[in-house]
Amino acid sequence: QLQLVESGGGLVQPGGSLRLSCVVSGFTLDNNAIGWFRQAPGKEREGVSCVSSVSRGTDTDYADSVKGRFTISRDNAKNTVYLQMNSLKHEDTAVYYCAVRWSWPAERCVGLLGAEYGSWGQGTQVTDSS
């Protein structure tokens with residue numbers, strides 16, 4: 001019954017922007033952190049960002065490669081998490097996935113280890129046309 005659906009990907013020029021959405025159904029996100037991950041062809045999946053159940057300041061985390069360019073946010077009422085991506089680069093090209101944090105403390109964004117998340121969506125493709 002639990003399902004995560006990513007959307008918002010597409011083809012953009014270098015320096016362009018996209019906003020990804022992760023809609024969760026069959027589950028309420030009030031008590032769980034959410035993470036965004038990405039995987040490029042031939043590369044290992046990497047953590048991009050995460051947001052705690054209550055997002056303030058340090059309640060988010062970002063990979064060094066996207067700091068200052070990406071912003072994660074959530075709307076618990078809509079069971080949706082967003083990833084605003086600005087100043088896109090060629091190296092941002094990947095399939096982006098969202099996932100629910102299940103490991104304790106599940107409500108906190110304390111890292112970007114994929115093993116601590118689950119219920120992965122199908123992903124959405126982001127391509128920088130460089």
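Scroll up for the structure.
Residues numbered from 1 in each chain as written. Predicted model: local features only at pLDDT ≥ 70, side-chain atom pairs only at ≥ 80, totals over all residues. Heavy atoms only, no water.

**Student:** Is there a simple way to explain the overall build of the chain in this structure?
**Tutor:** In terms of helices and strands, the chain carries 0 helices and 11 strands. Taken from N to C terminus, the helices and strands of the chain fall in the order β-β-β-β-β-β-β-β-β-β-β. The C-alpha radius of gyration computed for the chain amounts to 13 Å, which stays within 12% of the reference 14 Å derived for 130 residues, consistent with globular compactness. Burial status across the chain gives 48% buried among its 130 residues. By sequence separation, contacts in the chain at least 24 residues apart represent 61% of the contacts at least 6 residues apart. Carbon and sulfur atoms provide 48% of the accessible area of the chain, an area that totals close to 6,500 Å². Here the chain holds 12 positive side-chain charges and 13 negative ones, and the gap between their average locations is 3 Å. (Helix = DSSP H or I, 4+ residues; strand = E, 2+ residues; numbered from the N terminus. Rg over C-alpha atoms; globule rule 2.2 N^0.38 Å. Buried < 20%, exposed > 50% of the residue type's maximum accessible area, 1.4 Å probe, protein only. Contact = heavy atoms within 4.5 Å. Areas by Shrake-Rupley, 256 points an atom, 1.4 Å probe, with all protein chains shown as cover. Lys, Arg positive; Asp, Glu negative; His and termini not counted. Charge placed at Lys NZ, Arg CZ, Asp CG, Glu CD.)

**Student:** Is there a simple way to explain the sheet that holds strand β1 (residues 3-7) in this structure?
**Tutor:** Two orientations exist for strands paired in a sheet by backbone hydrogen bonds: parallel and antiparallel. Ordered in space as β1-β3-β8-β7, the 4 strands form an open sheet in which the pairing is antiparallel. Two strands lie at the open edges of the sheet, namely β1 and β7 (70-75), each paired on one side alone. Strand-to-strand twist of the sheet, defined as the mean angle between neighbouring strand axes without regard to direction, takes the value 15°. In terms of strand pairing, strand β3 (residues 18-25) meets strand β8 (residues 80-85) through 6 bridges, oriented antiparallel. Each bridged residue has a counterpart across the sheet, and for L20 the counterpart in β8 is L83. (Pairing = 2+ DSSP bridges. Axes fitted to C-alpha atoms, helices over the stretch in contact; angles between N-to-C directions.)

**Student:** Whenever I open this one, the nonpolar core confuses me. Can you help?
**Tutor:** Across soluble globular proteins, nonpolar side chains have a tendency to be buried as a group. The biggest cluster of nonpolar side chains holds 26 residues, and the ones touching the most others in it are W36, F70, V81, L83, M85 and Y96. Among the elements of the structure, β3, β4 (34-39), β5 (46-51), β7, β8 and β9 (94-101) are those that each provide at least two residues to this core. Ignoring sequence-local partners within four residues, the contact set of M85 consists of G16, S17, L18, L20, R69, F70, Y96 and V126. If you look at the next biggest cluster of nonpolar residues, it comprises 6 residues, including F37, C50, A99 and C109. (Core = buried A, V, L, I, M, F, W, Y, C linked by side-chain atoms within 4.5 Å.)

**Student:** So what exactly am I meant to see when it comes to the pairing of β5 here?
**Tutor:** For a regular strand, side chains alternate in direction, first toward one face of the sheet and then toward the other. In terms of burial, β5 is largely enclosed, as 5 of its 6 residues are buried. When β4 meets β5, the two strands line up antiparallel, connected through 5 bridges. Across the sheet, I34 pairs through a bridge with V51, a residue of β5. Hairpin connection of β4 to β5: 6 residues between the antiparallel strands, including G42 at a positive phi of 75°. Taken together, the 3 bridges between β5 and strand β6 (residues 60-62) define a ladder with antiparallel strand orientation. Residue C50 lies in a different strand from β6, and its bridge partner there is D61.

**Student:** Just checking my understanding: could you explain the pattern of salt bridges for this structure?
**Tutor:** Between side chains of opposite charge, a pair can form when the charged atoms approach closely. One pass over the structure, following the stated rule, counts 6 salt bridges. Residues E46 and R38 are paired through a salt bridge, measuring 2.7 Å at the closest nitrogen-oxygen approach. The closest approach of N and O atoms between R38 and D92, which form a salt bridge, is 2.9 Å. Of this pair, R38 sits in strand β4 while D92 is found in the loop between β8 and β9, placing the two residues 54 residues apart along the sequence. As far as burial versus exposure is concerned, R38 and D92 are alike and both buried. (Salt bridge = Lys/Arg side-chain N within 4 Å of Asp/Glu carboxyl O.)

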